[in-house]
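Chains, contacts and geometry: an overview
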Amino acid sequence: MMRVNADNRLMLGCVLLILLLTGCAAQLAPKYDSALFKGVTQTNINIMELFAAVAEGTNSADCDKRAKTFNRIIGSVDALAIQASARPVPDSSVAEKVNAFLESKGVAAMDGGKAPSSYSLEHVSRVLTKMKQVDCGSGLKPGAVAAFKNDVVVSMDQVITYESFLER
């Protein structure tokens, strides 16, 4: 007779959870929104154009030349975050069971309040706002631009990946 230890039970639980989810027709994510995805991809282009324009660094004395661009992009990102979070996230008993299982194993539960892309867009807005403050306060050094860009690229990649995944 085979003995079942804690590791085997955890593996068995994960396998059963995967089987449950793959055989389940419950919707766990919001529906794809083509207008949102188009807005995200266009805003991403605008963000990357801004980073290209300031890549060599800036002088705070001419920040007013870039302030309008910063404001337009930050406004677009904020609007997209609202649009992403306004979509209803399906209420699912399966999601509740998955969260209960994950929490019982010490793993953070999925947040059912909003789509992950809305959190990433909110982060991008905060980073770009901070970048604008630094630009207007003391100017941007090339290393600071690279650091801001890296932070934004990671978050925008998450948004684009998640939103494109919804188009199934």
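Here is a short report on the structure shown in this document. (Residues numbered from 1 in each chain as written. Predicted model: local features only at pLDDT ≥ 70, side-chain atom pairs only at ≥ 80, totals over all residues. Heavy atoms only, no water.)

1. A short note on the environment of Ile 74
The condition that has to hold: Note on conventions: DSSP H or I runs of at least 4 residues are helices, E runs of at least 2 residues are strands, and numbering of each starts at the N terminus. We call two residues in contact whenever any of their non-hydrogen atoms come within 4.5 Å of each other.
Here Ile 74 lies in helix H3 (residues 64-86). Taking the C-alpha atoms as reference points, Ile 74 and Leu 128, separated by 54 residues in sequence, lie 6.7 Å from one another. If sequence neighbours within four positions are ignored, Ile 74 has contacts with Ser 125, Leu 128 and Thr 129.

2. Section: helix H6 (residues 142-166)
Here is the rule: Working rule for helices: expected span equals 1.5 Å times residues minus one. Buried, partly exposed and exposed residues are distinguished by accessible area as a fraction of the type maximum, computed with a 1.4 Å probe on protein chains only: under 20%, between the cut-offs, and over 50%, respectively.
The end-to-end C-alpha distance of H6, which contains 25 residues, comes to 36 Å, matching closely the 36 Å that a straight helix rising 1.5 Å per residue would cover. Val 145, Phe 148, Val 152, Ser 155, Met 156, Val 159, Tyr 162, Glu 163 and Leu 166 are the residues of H6 that are buried. Residues of H6 that are buried in the fold lie against helix H2 (34-54) and helix H5 (116-137).

3. Comments concerning H3
Taking 1.5 Å per residue, 23 residues should reach 33 Å; H3 reaches 33 Å between its end C-alpha atoms and fits that length. In this structure, the buried residues of H3 make contact with H2 and H5.

4. Structural notes on the packing of H2 against H5
Quick reminder of the rule: Angles here are taken between N-to-C directions and fall from 0 to 180 degrees, while the axes themselves are lines fitted to C-alpha atoms, restricted in helices to the stretch in contact. By the definition adopted for this analysis, an angle is roughly parallel if under 35 degrees, roughly antiparallel if over 145, roughly perpendicular if from 65 to 115, and oblique otherwise. In this scheme, a crossing is called left-handed if the near helix is turned counterclockwise away from the far one by less than a right angle; it is called right-handed if the turn is clockwise. Each residue receives one of three labels: charged for Asp, Glu, Lys and Arg, nonpolar for Ala, Val, Leu, Ile, Met, Phe, Trp, Tyr, Cys and Pro, and polar for the others, Gly being one of them.
Where H2 contacts H5, the two axes come as close as 13 Å, and the packing angle between them is 25°. Looking at the two axes, H2 sits roughly parallel to H5. For the pair H2 and H5, the sense of crossing is left-handed. Across the interface between the two elements, Ile 47, Phe 51 and Val 54 of H2 pack against Val 124, Leu 128 and Met 131 of H5. Of the residues in the contact of H2 with H5, the class split is six nonpolar, no polar and no charged.

These values are about where atoms sit, not about what they do.
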